[in-house]
Amino acid sequence: MEMLAPNIYEELQGPGQFINILVDESWNIPLRRPMSIAGANRDQLTIIYKVLGRGTKRLVTKLRGDFLNILGPIGNIFNQDKFNNHHPILIGGGIGIAPILWLHNVMKGGSFQHELIIGAKSKSDHFLKHQPSRKIYLTTDDGTLGIKGTVMRVLQQVVNQLYEPMIVACGPAEMLKVIQTFLIDINIPGQMALESYMACGLGICQGCVVELTHSHQEKHSFGEKFSLICRDGPVYDISRVRF
Amino acid sequence: MANLKVSIGGVEFNNPVFVASGTFGYGNDVSELVDVNQLGAIITKSITFHPREGNPPPRIIETPSGMLNSIGLANIGVDQFIKEMIPYYASLETKVIVNIAGSSMEEYLNVLEKVEKVGENIYGYEINVSCPNVEKGGMEFGVNSLMTRNLTELLRKRTEKLLIVKLSPNVTDITDIAKGAKEGGADAISAINTVIGMSIDISSRKSNLATKFGGLSGPAIKPIGIANVHKLSSAIQIPVIGIGGITSAEDVVEYLLAGATAVQIGTANFRDPGIGVKIIAEVDAYCDSNGYYDMSELTGALVNDS
Ligand SMILES: Cc1cc2nc3c(=O)[nH]c(=O)nc-3n(C[C@H](O)[C@H](O)[C@H](O)COP(=O)(O)OP(=O)(O)OC[C@H]3O[C@@H](n4cnc5c(N)ncnc54)[C@H](O)[C@@H]3O)c2cc1C
Ligand SMILES: Cc1cc2nc3c(=O)[nH]c(=O)nc-3n(C[C@H](O)[C@H](O)[C@H](O)COP(=O)(O)O)c2cc1C
Ligand code: FES
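Now for a look at the structure at hand. All figures in this text were calculated on a predicted structure; none of them were measured in a lab. (Residues numbered from 1 in each chain as written. Chains lettered and ligands numbered in written order. Predicted model: local features only at pLDDT ≥ 70, side-chain atom pairs only at ≥ 80, totals over all residues. Heavy atoms only, no water.)

1. Here's the deal with the site of ligand 2
Line of reasoning, step 1. The environment of ligand 2 is formed by 25 residues, the closest being S21, S46, K166, G245 and T267 of chain B.
Line of reasoning, step 2. At the site occupied by ligand 2, nearby residues are drawn from chains A and B.
Line of reasoning, step 3. One nitrogen or oxygen atom from the side chain of S46 of chain B is found 2.8 Å from a nitrogen atom belonging to ligand 2.
Line of reasoning, step 4. Given that more than half its atoms are within 2 Å of the pocket grid, ligand 2 belongs to the largest cavity.
Line of reasoning, step 5. By residue class, the composition of the shell around ligand 2 is eight nonpolar, 15 polar and two charged. (Near = heavy atom within 4 Å. Polar contact = N/O pair within 3.5 Å; in protein donor to acceptor, adjacent residues only side chain to side chain. 1 Å grid on protein atoms, 1.4 Å probe; cavity = no way out; pocket = protein on both sides within 12 Å on 5 of 7 lines; lining within 4 Å. Sits in = over half its atoms within 2 Å of the grid points. Nonpolar A, V, L, I, M, F, W, Y, C, P; charged D, E, K, R; others polar.)

2. A few points about a nonpolar patch on the surface
Line of reasoning, step 1. On the surface, I196, M198, I200, I202 and F213 of chain B cluster together to form a nonpolar patch covering roughly 530 Å² of accessible area.
Line of reasoning, step 2. Structurally, I196 of chain B can be placed in strand β11 (residues 195-197). (Patch = residues over 30% accessible without salt bridge, like charges linked within 9 Å, V, L, I, M, F, W, Y side chains within 5 Å. Areas by Shrake-Rupley, 256 points an atom, 1.4 Å probe, with all protein chains shown as cover. Salt bridge = Lys/Arg side-chain N within 4 Å of Asp/Glu carboxyl O. Helix = DSSP H or I, 4+ residues; strand = E, 2+ residues; numbered from the N terminus.)

3. Structural notes on unusual backbone geometry
Line of reasoning, step 1. In this structure, the amide linkage connecting G72 of chain A to the following residue, P73 of chain A, adopts the cis form with an omega of -5°.
Line of reasoning, step 2. Along the polypeptide, P73 of chain A turns up in strand β6 (residues 69-74).
Line of reasoning, step 3. The step from A191 of chain B to I192 of chain B runs through a cis peptide bond, and the omega angle for that step is 15°.
Line of reasoning, step 4. Looking at the element boundaries, I192 of chain B is found in the loop between β10 (188-191) and β11.
Line of reasoning, step 5. Backbone geometry at E164 of chain A places phi at a positive 50°, although glycine is not the residue there.
Line of reasoning, step 6. Mapping E164 of chain A onto the fold places it in the loop between α4 (151-161) and β11 (165-170).
Line of reasoning, step 7. The phi angle at Q206 of chain A is positive, at roughly 65°, despite the residue not being glycine.
Line of reasoning, step 8. Looking at the element boundaries, Q206 of chain A is found in the loop between β12 (190-193) and β13 (209-211).
Line of reasoning, step 9. Looking at Q206 of chain A, the relative accessible area reads 8%, which means it is buried. (Buried < 20%, exposed > 50% of the residue type's maximum accessible area, 1.4 Å probe, protein only.)

4. A look at the sheet that holds strand β4 (residues 39-41) of chain A
Residue and element names in this part refer to chain A.
Line of reasoning, step 1. Read across the open sheet, the three strands follow the order β1-β5-β4; overall the sheet is antiparallel. A single partner strand is all that each edge strand has here, and the edge strands are β1 (2-3) and β4.
Line of reasoning, step 2. Bridge count between β4 and strand β5 (residues 44-46): three bridges; the pairing is antiparallel. Note that in β5 the partner of A40 across the bridge is L45. (Pairing = 2+ DSSP bridges.)

5. Comments concerning the pairing of strand β7 (residues 87-93) of chain A
Remark: a regular strand shows side chains that alternate across the two faces of the sheet.
All names here are of chain A.
Line of reasoning, step 1. Burial analysis of β7 places seven of its seven residues in the buried class, which makes it a mostly covered element.
Line of reasoning, step 2. Direction of pairing for β7 relative to β11: parallel, over a ladder of six bridges. The residue bridging H87 from the neighbouring strand is P165, located in β11.
Line of reasoning, step 3. Where β7 lies against strand β8 (residues 115-120), five bridges are found, and the strand directions are parallel. Residue pairing in the sheet places I91 in a bridge with I117 of β8.
Line of reasoning, step 4. Crossover handedness for the path β7 to helix α3 (residues 97-109) to β8: right-handed. (Right-handed = clockwise from strand over helix to strand, strands pointing away.)

See below:
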């Protein structure tokens, strides 16, 4: 879905950031729906989403020319400074492709070497009609498109062929968890963008927490054990999150 | 232009539209988006003595016309609150009320005393005796009239500022608890806090919240709020601040008619943190077009015909 949002574009920092969409002006759907920005220029903000439940079912009914109440940009960005002296491997699973795709395009524009792995359950779930190429790998769980298996299958191979790899991932929690375990095992750094239910996207409800790997557990603390994804995320160092 | 000013316990507020505890952070997070100075008052997130991490996720889930939450009073604790927020509040024109929660009498008292020492620009306290999301504390006081009275009395001795007791609808008789608060010296009652609720994901057969139960808020609870405010305002002679499901000026008027002197907006802030400011303008317009000059003409003006 494309939208014109010059005010949001003005404040954009980069891939990783998202917007929070009021899909229904009535209270039939009480909360906004967060969606990652999948691409942006002055005239166009792009999101890619999957129709799951009531919110996204409402969103698909919007027509060209409709007005949409959106808040944003929200959140932090993938830290591209950390890519220096590393070879980034971008991984997008399912709807997690959105911020990864934006990052991919930004890096392509800057002629920054990287690999891209896109995974989905099945051919029909693939958002992009990307052609696999030398540095782009497509996977499906059922083998109907690209390589049969999960993104892990490709990652395990690719990671060994590269000098100083660094992983950037977004996707379902189960996928991120498997990637995290794998990377910690072989001591490779990475960043990932997380999702959670959100009520406000503004840091005022305290609803969107993820548990952190907190080394010094104190009896009384705030923000050491749980982090607000909308304010401190959605991008985290891969070792910081406890699934 | 109607006179929107309201007075509670000797404190005058520019208008009757406040923002509810836990639904506006400490006020600073949204100050770039919203002119918070237009609000009648800001009620802070509940402050406890120590910082609190809160409950594990998931903490929120959408429900018909509302949401359930089990945040668990996550907050920065009174010391950091004083260090970071009191200076910010000094720069505000709107009146700030500090919401206090605790799991013992001492905790409420210790928080109040710390704020009392430094908070010249704090106009009062709202005592949360009604949070459904912590295992111990909060609710223990809020379900017991005598304990509510003792707690209020204890705090009343330590402050001359506005003292509001915030009540839960999850009790057999809310007026009984309110009487305890009044006898203890409360200046006002605010009601309602969230209503205990639960929702289940039928595919996983698990509760949608990690804590199983949560607090229901939003338009879904508005009739419960209206009923409780009406009961309270009929039963006690101190002002009642109405809370629950407010999303429009019409809702504000409805609460005033039920007997509220002022109102607080909660969940609606999550959709639009500027909703309070918009509603103030709409209340003004409503009064103009309906010939009201003062809020007191609306408070308790319910017609009892039947
Ligand atoms: C920072 C962020 C970025 C996101 N970016 C995208 C994106 O680019 N594209 C996209 O399609 N989706 C994205 N999501 C997820 C998206 O917000 C949810 O899919 C959407 O809110 C579902 O709404 P619904 O009413 O259709 O589904 P619901 O009826 O609310 O739920 C349907 C199903 O979706 C799951 N679900 C609901 N909310 C979320 C959520 N926030 N995260 C994960 N699963 C959820 C539920 O468990 C349920 O199984 C993002 C979420 C976050 C927090
Ligand atoms: C996410 C969330 C957090 C809340 N936190 C607090 C809190 O810390 N202290 C408190 O007294 N009330 C808290 N409340 C209750 C609200 O202040 C209010 O009483 C309730 O939500 C009903 O109003 P509403 O329907 O307008 O939301 C919270 C409510 C929500 C939804
Ligand atoms: S969504 Fe409300 S604090 Fe993050």
